[in-house]
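A closer look at the structure
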Amino acid sequence: VIWQPSEFSSWYVSAGQSFNPSAETFTLSAATADLSPEESTNYEFGTKQELLDGRMGLAAALFRLDKDKARTPDPDDPSLTILAGQQITNGLEVELSGKITDTVSAFASAAWLDAEITRSNALQDGVPIEGNRPPNVARQQGVVWADWAFAPNWNLGGGVYFVSSRYTDNGNTAQLPGYERVDLMLGYELPHWAIQLNVQNLTDETYYESGQLRSALPGSPRAAILSLKVPL
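All of the points below concern the structure found in this document. Since the structure is predicted, the reported quantities are computational estimates derived from the model, not experimental observations. (Residues numbered from 1 in each chain as written. Predicted model: local features only at pLDDT ≥ 70, side-chain atom pairs only at ≥ 80, totals over all residues. Heavy atoms only, no water.)

**Let's talk about the pairing of strand 15 (residues 208-212)**
Looking at chain direction, strand 15 and strand 16 (residues 215-218) are connected through four bridges and run antiparallel. Considered in strand 16, the bridge of Tyr208 is made with Pro218. Following strand 15, the chain reverses through two residues before pairing antiparallel with strand 16. (Pairing = 2+ DSSP bridges. Helix = DSSP H or I, 4+ residues; strand = E, 2+ residues; numbered from the N terminus.)

Laid out in structure tokens, this is it:
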């Protein structure tokens, strides 16, 4: 539902449902073969505002993700899985974008997430995981990016992505450190073709994108990608 009180302002509320089937990771077992999908409900309230005669845009949203049929061990038979768990994530996201000058535009986004395993029969090393934070959910994350059209047909961009620390397991026994990653972009564009150079992780930062109980997935080292776009 969207309410637009003026040409430069709008407010909205939304609700949606989604599901995760038991075979989503292609690993079925006797405990999950006959299990129904997990179900999640998402609620969101937000606004979009145009500022400075349309040169800047502000967007903000409050949201809640409720997974109220999460997988958890059966208390009567821990070898089986039932849909009696719950995970709740409350969050706030804010975005600001627009033109700073005639040749410079910028974009900034930040999100704050409060996530909790609110109901579960699972144990890790004999300790209940209920009340812990789900793995790989950062408390803060965001990006700041700017583009500069410094000459006709030329564009230079750069930005920083940041993610705070995250737990790697449901037991919250280990953390991945937070990180900042710097990317750059240089492009040249004409009406019928364009060439662009992207440099990811300019400072060759060592960081980890996600983790599991006893492992972590490292992020990409410094990489350069040259692309050419032409019509077919």
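And the narrative resumes.
**Here's the deal with unusual backbone geometry**
The backbone phi angle of Leu52 is positive, close to 55°, even though this residue is not glycine. Inspection of the secondary structure assignment puts Leu52 in the loop between strand 3 (38-51) and strand 4 (56-74).

**Details of the packing of aromatic side chains**
By convention here, two paired aromatic rings are described through the distance between centres and the angle between planes. Under the criterion given, the structure shown has six aromatic pairs. A centroid spacing of 4.8 Å and a plane angle of 55° characterise the contact between Trp154 and Tyr188, whose relative ring orientation is tilted. You can see Trp154 sitting in strand 10 (residues 154-163) and its partner Tyr188 sitting in strand 13 (residues 179-190), a full 34 residues away along the chain. Each member of the aromatic cluster is reached from another via a ring pair, and the members are Trp148, Phe150, Trp154, Tyr188 and Trp193. Sitting above the plane of the Tyr161 ring, Arg181 keeps its charged end 4.5 Å from the centroid. (Phe/Tyr/Trp six-rings, centres within 6.5 Å; stacked < 30°, edge-to-face > 60°. Lys NZ or Arg CZ within 6 Å of the ring centre and 35° of its normal.)

Take it as geometry only, folks, not as evidence of what the structure does.
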